[in-house]
Amino acid sequence: MGTTPQPPAPRYVPTDAYDEAYDDDGEPRPHYAAVVAALEEQDLEELSERVRRFAADHGATFGHGRVFAVDPVPRLLTAAEWADLEDGLGQRVRALDAFVRDVASGEQRIVAAGVLPERLARSLPFREDDLAGAPEPPGARVAIAGLDVVRDRSGRFRVLEDNVRTPSGLAYVLAARGAVERELGEAGEPRPLRAAIAEQLRRVLDAARPRPASDDAVVVLTDGPANDAFFEHGVLAELAGVELVTPADVRADGDRLRLRASGREIQVVYRRTDADAIRGPDGAPTPIGELLLDPVRAGRIAVVNAFGTGVADDKRIYPYVDAMVRFYLGEEPRLPSVPTYDLEDRAARDEALARLDELVLKPRDGFGGHGVLIGATATDGELRRAAERIVRDPGRWCAQERVLLSTHPTAIGGRLVPRHVDLRPFVFFDGETATAIPGGLTRVALEEGSLVVNSSAGGGGKDTWVLR
């Protein structure tokens, strides 16, 4: 007896968003043809389970031991797409670094020129006034940046957010690559990642050395297993060829910092701790501040990323980043921002309040998608309360135009279905050259219709292939 024919798999149906893999007629884009053909030969549920098991076996966890969710369908970028994207990413990070340096120097040339309102400069968080007069660190202040990039309905890339304090995700990039390439690697030739990350890490950490000729230590400083991204900290220390330490493993020695076990002096700290400020909200030094303040002020150590980079993470600054590119670099932005409203500006606030049901409202100090209100899906009561909060304290919020994030085929329940994605590329800057590793982490919202891709809010990740 013959086997019973299996019904054909349901046809993939793109949504109204730009779809990364399929055109508007539902046909695979040319550079996806080989991957789509390979997926058609797979049992998607079994493929998903093999990828999940690989991530679990390799310790890829995020917070409380939860296995990082890796979708088995890779996202593909052509060489031409990546070249344009990398160019714009590098330009943006160079401008952000220049802004952080401008603020740290006390000159604030951008304020004197009228490009950034003085009222914003007065209230910048993460200014780190304790470090006024400290030596300018070698290399870059923004040495490692993780930007959140989206593709709009027209297919154009835009920056949604800048993350320049302690951007996470590099080890999860490798986890996704390891899990997916072993299953589908024959369907494409992505540019390699592991060697690229190791090379760039070492480059920016070497550039940060205050004493390049010495053998003083370079370390990755972690909170330990309690940190949600502890898995990543160990991976990055291994790639960089440096020691992974906790605050208990080091000690202050006047204006020097030493490894407790050997007494060896430390000259570069790649800080991946949750506490990322010199002082807490109460004005008292944080434990990290007590440990690192004197050595940084004396120029004996450099911190990557430098204390004070948080001024460029402030969401109220974001509406002015395109203007920063023009001011500091004298160039037009090649990777523009999503249009964003400074709600302390009366005219901008009035326009945003009139269109709140069309915009996305974000808390100034929010992260991980927490506290975000998407006007199009909010209730009348939620919109009314949001408007009241804006009027009461406009400085706590920013409003952005809603971007319908692009979609990508994602394996859900044994089928390929469209789910919204963004991209977190990682840029390494040594003060001279800004280089992005090829691809980065594509983050995917696993719930139908959701635009929240953050891992902390239930999202997952995809391997990102930059084709040769």
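As the structure is a computational prediction, the values presented were derived from the model and not from experiment.

### Looking at the side chain of Gln 108
With respect to the helices, strands and loops of the structure, Gln 108 is situated in the loop between α3 (79-105) and α4 (109-112). By relative accessible area, which is 16% here, Gln 108 ends up buried. Leave out the neighbours within four places in its chain, and Gln 108 touches Asp 102, Val 103, Ala 121 and Arg 127.

### Some points on the side chain of Asp 71
Note on placement: Asp 71 falls in strand β1 (residues 70-77). Reaching out from Asp 71, the side chain makes a polar contact with the backbone nitrogen of Val 73 at a distance of 3.0 Å. Looking at Asp 71, its side chain comes within polar contact range of the main-chain nitrogen of Ala 411, at 2.9 Å.

### A few points about the packing of α3 against helix α10 (residues 321-329)
When two helices pack together, you describe them by how their axes are tilted relative to each other and by the distance separating the axes. In contact at an axis separation of 9 Å, α3 and α10 are set at 80° when each is read in the N-to-C sense. Taken together, the axes of α3 and α10 lie roughly perpendicular to each other. Residues Gln 91, Arg 92, Arg 94, Ala 95, Leu 96, Ala 98, Phe 99 and Asp 102 of α3 pack against Val 321, Asp 322, Met 324, Val 325, Tyr 328 and Leu 329 of α10.

### A word on the nonpolar core
Ranked by size, the top nonpolar core spans 59 residues in total, and within it Leu 39, Ile 144, Leu 201, Leu 239, Tyr 270, Val 304 and Phe 428 carry the most contacts. Residue contributions to this core peak at ten residues, all from helix α6 (residues 170-184). The residues contacting Ile 144, other than those within four sequence positions of it, are Val 164, Pro 167, Leu 201, Val 204, Tyr 270, Val 304, Asn 305, Val 427 and Phe 428. Val 149, Val 360, Ile 374 and Leu 405 belong to the second-largest nonpolar core, a separate cluster that totals 48 residues.

### Overview of the pairing of β1
The buried count for β1 comes to eight of eight residues, which makes it a mostly enclosed element. The pairing of β1 with strand β20 (residues 460-466) spans five bridges and is parallel. What sits directly across from Arg 75, in β20, is Thr 464.

### Here's the deal with the pattern of salt bridges
In a structure, side chains of opposite charge can pair up when their charged atoms sit close to one another. For the structure on display, the rule yields 48 salt bridges. Among the charged side chains, a network of salt bridges with common partners joins Arg 211, Asp 216, Asp 255, Arg 256, Glu 265 and Arg 300.

### Some details on unusual backbone geometry
Glycine aside, residues mostly have negative phi angles, and peptide bonds mostly take the trans form. Cis geometry marks the peptide bond from Val 304 to Asn 305, where omega comes out at -15°. Relative to the elements of secondary structure, Asn 305 occurs in the loop between β10 (302-304) and α10. The backbone of Phe 126 shows a phi angle near 60°, a positive value even though the residue is not glycine. Here Phe 126 shows up in the loop between α5 (118-122) and β2 (144-146). Although it is not a glycine, Glu 128 adopts a positive phi angle of roughly 60°. With respect to the secondary-structure elements, Glu 128 resides in the loop between α5 and β2.

### Some details on the sheet that holds strand β12 (residues 359-363)
Ordered by their spatial adjacency, four strands build an open sheet running β11-β14-β12-β13, and the pairing between neighbours is antiparallel. One side of each edge strand has no neighbouring strand; the edge strands of this open sheet are β11 (340-342) and β13 (373-374). The sheet contact formed by β11 and strand β14 (residues 397-401) spans three bridges and is antiparallel. Counted as the bridge partner of Asp 342 is Cys 398 from β14. Packing of helix α11 (residues 346-354) onto the sheet brings it into contact with β11, β12 and β14, and relative to β11 it is tilted by some 130°.

### Brief notes about the sheet that holds strand β17 (residues 426-429)
The three strands lie next to each other as β2-β17-β18, forming an open sheet whose pairing is antiparallel. Lying at the two open borders of the sheet, with one neighbouring strand each, are β2 and β18 (434-436). Each neighbouring strand pair of the sheet contributes to a mean axis angle of 25°, computed without reference to strand direction. Pairing between β17 and β18: three bridges, direction antiparallel. Bridge pairing links Phe 428 to Thr 435 in β18.

Rules used in this analysis
- Residues numbered from 1 in each chain as written.
- Predicted model: local features only at pLDDT ≥ 70, side-chain atom pairs only at ≥ 80, totals over all residues.
- Heavy atoms only, no water.
- Helix = DSSP H or I, 4+ residues; strand = E, 2+ residues; numbered from the N terminus.
- Buried < 20%, exposed > 50% of the residue type's maximum accessible area, 1.4 Å probe, protein only.
- Contact = heavy atoms within 4.5 Å.
- Polar contact = N/O pair within 3.5 Å; in protein donor to acceptor, adjacent residues only side chain to side chain.
- Axes fitted to C-alpha atoms, helices over the stretch in contact; angles between N-to-C directions.
- Parallel < 35°, antiparallel > 145°, perpendicular 65-115°, else oblique.
- Core = buried A, V, L, I, M, F, W, Y, C linked by side-chain atoms within 4.5 Å.
- Pairing = 2+ DSSP bridges.
- Salt bridge = Lys/Arg side-chain N within 4 Å of Asp/Glu carboxyl O.

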